[in-house]
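Examination of the molecular architecture
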Amino acid sequence: MRSFYSLNYSELKELLQVEGLNISGANLLFNWHYKKKNFDVCRKDLSKTTQVFLEENFQFDLPKIDTVHMADDKTVKFLFELKDGRKVESVLIPFHNKYSICLSSQVGCAMNCSFCFTGTQGLKRNLETEEVVGQFLGAWKWLRENRPGEERILNIVFMGQGEPLHNFDTVKKACEIFQAQEGTSIGTQKITISTSGYLPGLKRWKDEIPGVNLALSLHSPFEEKRNELIPINKRFPLDEVLKYIDDIPLKKKQFVTYEYLLIDQFNDSEEDAHITGKLLAGKRAYINLIPFNPFPGSEYKRPSQSRVEAFKEVLDTYKIPTLIRTTKGDDVLAACGQLNTAD
Ligand code: SAH
Ligand code: SF4
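Described in the following lines is the structure provided in the data block.

The local shell around ligand 1 holds 19 residues, among which Gly162, Ser194, Ser217, His219 and Asn293 are the closest. In this structure, His219 approaches ligand 1 through a side-chain N or O atom, which is 2.7 Å from an oxygen atom. Between an oxygen atom of ligand 1 and a side-chain N or O atom of Glu259, the distance comes to 3.2 Å. Protein contacts shield 96% of the accessible area of ligand 1, which totals 530 Å² for the unbound molecule. Counting residues per element, the ones that place at least two in the shell around ligand 1 are strand E10 (191-195) and strand E12 (256-262).

With that settled, consider the site of ligand 2. Every residue lining ligand 2 is accounted for by Cys109, Met111, Asn112, Cys113, Phe115, Cys116, Gly119, Gly162, Glu163 and Ser196. Its residues placed into classes, the shell around ligand 2 shows five nonpolar, four polar and one charged.

Bringing the packing of aromatic side chains into the picture now. For the structure on display, the rule yields 19 aromatic pairs. Taken together, the ring pairs connect Phe4, Tyr5, Tyr9, Phe30, Tyr34, Phe53, Phe58 and Phe60 into an aromatic cluster. One Lys or Arg, Lys141, reaches over the ring of Phe39 and ends 5.7 Å from the middle of that ring. Of note, Lys225 hangs over the ring of Phe266, and the distance from its end group to the ring centre comes to 5.7 Å.

Attention now moves to the nonpolar core. In terms of nonpolar packing, the biggest core is built from 98 residues, with Phe115, Phe158 and Phe178 touching the most fellow members. The element that contributes the greatest number of residues to this core is helix H4 (residues 129-146), accounting for eight residues. Both domains that meet at this core, namely domain 1 (2-59) and domain 2 (64-332), each give it at least three residues. Look past the residues within four positions of Phe115 in its chain and what remains in contact with it is His219, Leu229, Ile230, Leu261, Ile263, Phe292, Phe295 and Tyr300. By size, the runner-up hydrophobic cluster in this structure holds six residues, among which are Ile93, Val157, Met159 and Ala215.

We now examine helix H9 (residues 270-280). Among the residues of H9, those classed as buried are Asp272, Ala273, Thr276, Gly277 and Leu280. Taken around the axis of H9, the buried residues stretch over an arc of 135°, which confines them to a single face. Residues of H9 that are exposed and angled more than 90 degrees away from the buried face: Glu271 and Lys278. Buried residues belonging to H9 abut helix H7 (223-229), E12, strand E13 (285-291) and helix H10 (305-316). Looking one or two residues past H9, Gly282 carries a phi angle of roughly 90°, positive in sign.

About the thresholds
- Residues numbered from 1 in each chain as written.
- Chains lettered and ligands numbered in written order.
- Predicted model: local features only at pLDDT ≥ 70, side-chain atom pairs only at ≥ 80, totals over all residues.
- Heavy atoms only, no water.
- Near = heavy atom within 4 Å.
- Polar contact = N/O pair within 3.5 Å; in protein donor to acceptor, adjacent residues only side chain to side chain.
- Areas by Shrake-Rupley, 256 points an atom, 1.4 Å probe, with all protein chains shown as cover.
- Helix = DSSP H or I, 4+ residues; strand = E, 2+ residues; numbered from the N terminus.
- Nonpolar A, V, L, I, M, F, W, Y, C, P; charged D, E, K, R; others polar.
- Phe/Tyr/Trp six-rings, centres within 6.5 Å; stacked < 30°, edge-to-face > 60°.
- Lys NZ or Arg CZ within 6 Å of the ring centre and 35° of its normal.
- Core = buried A, V, L, I, M, F, W, Y, C linked by side-chain atoms within 4.5 Å.
- Buried < 20%, exposed > 50% of the residue type's maximum accessible area, 1.4 Å probe, protein only.
- Domains from an automatic or database assignment.
- Contact = heavy atoms within 4.5 Å.
- Arc of directions from axis to C-beta.

Take a look at the structure:
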């Protein structure tokens, strides 16, 4: 049986129409499942024939919560078990009693970045739309049951396991479901997709997911260093990636986020900072500095706080807004980029 969470609003409407059912059911159903967040079949106001059709053709299961880790700062890491037994992680990150959710788009990742725990497990498979939507709904349901009154997830970031643009169709459809006015109605600008620079996806961005926030994992302004960190840079060089990004129209007050992973004695010198500043000066850019999070077996080291601050000070001279990302949920290995589910 098909999952209800695999359909966007227009697909659901079309399906009802093809079946000769009342298309107003689409509105009722998005309201019931996504706005009111009920997880059983809708009986209210739906015609009997539509109810029977739904019962016979759809299931409403969410990915099973395998384990939940709670950090002192209220960060929650979920390990979800999927239908085939594979596992993915999602992280709820608190902001004043509201949450952002960090979603996974694949089991593992094919990009094989040298600093990434997820990358070390290779790509196992793409997630399905219902598995992406299911992470959001599953986390929401957990909040309602465990932190009642706090079930507000207002931002979505694709920064968990996987390269979201390498599973473009699924991520796109999940975004459409999150954005649907009839349902969760999450504003386009509340969704951010982080990419290592997967060019085939960037080329589709402006036509297919316009308005969604873009974060590029930059990590170095030098092609050679970037080749070492992010192997697909050899196929899709930074120079070309930036050209496509510059071509994506931004709304008022919208920025592109450039994530810069700081690795001790590798890409954290003042020269690296100056060249990065020159590269991004004049762009609608926002920089996130991420001190490297070590994981078992990693060869890189995290720079000292003073080196991180010195790097930021150089960038400040280029007048680019720069934030040092403090790692939330460190104590349960929940920080983005530390997700690995190879058991
Ligand atoms: N695949 C996408 C999104 C997932 S990774 C991408 O690469 O952008 C999310 C972020 O975590 C990326 O900026 C990634 O570079 C960063 N990251 C990966 N491993 C990390 C580590 N060990 N320490 C800190 N950040 C890491
Ligand atoms: Fe994949 Fe992103 Fe990790 Fe690179 S950093 S291996 S693209 S998840």
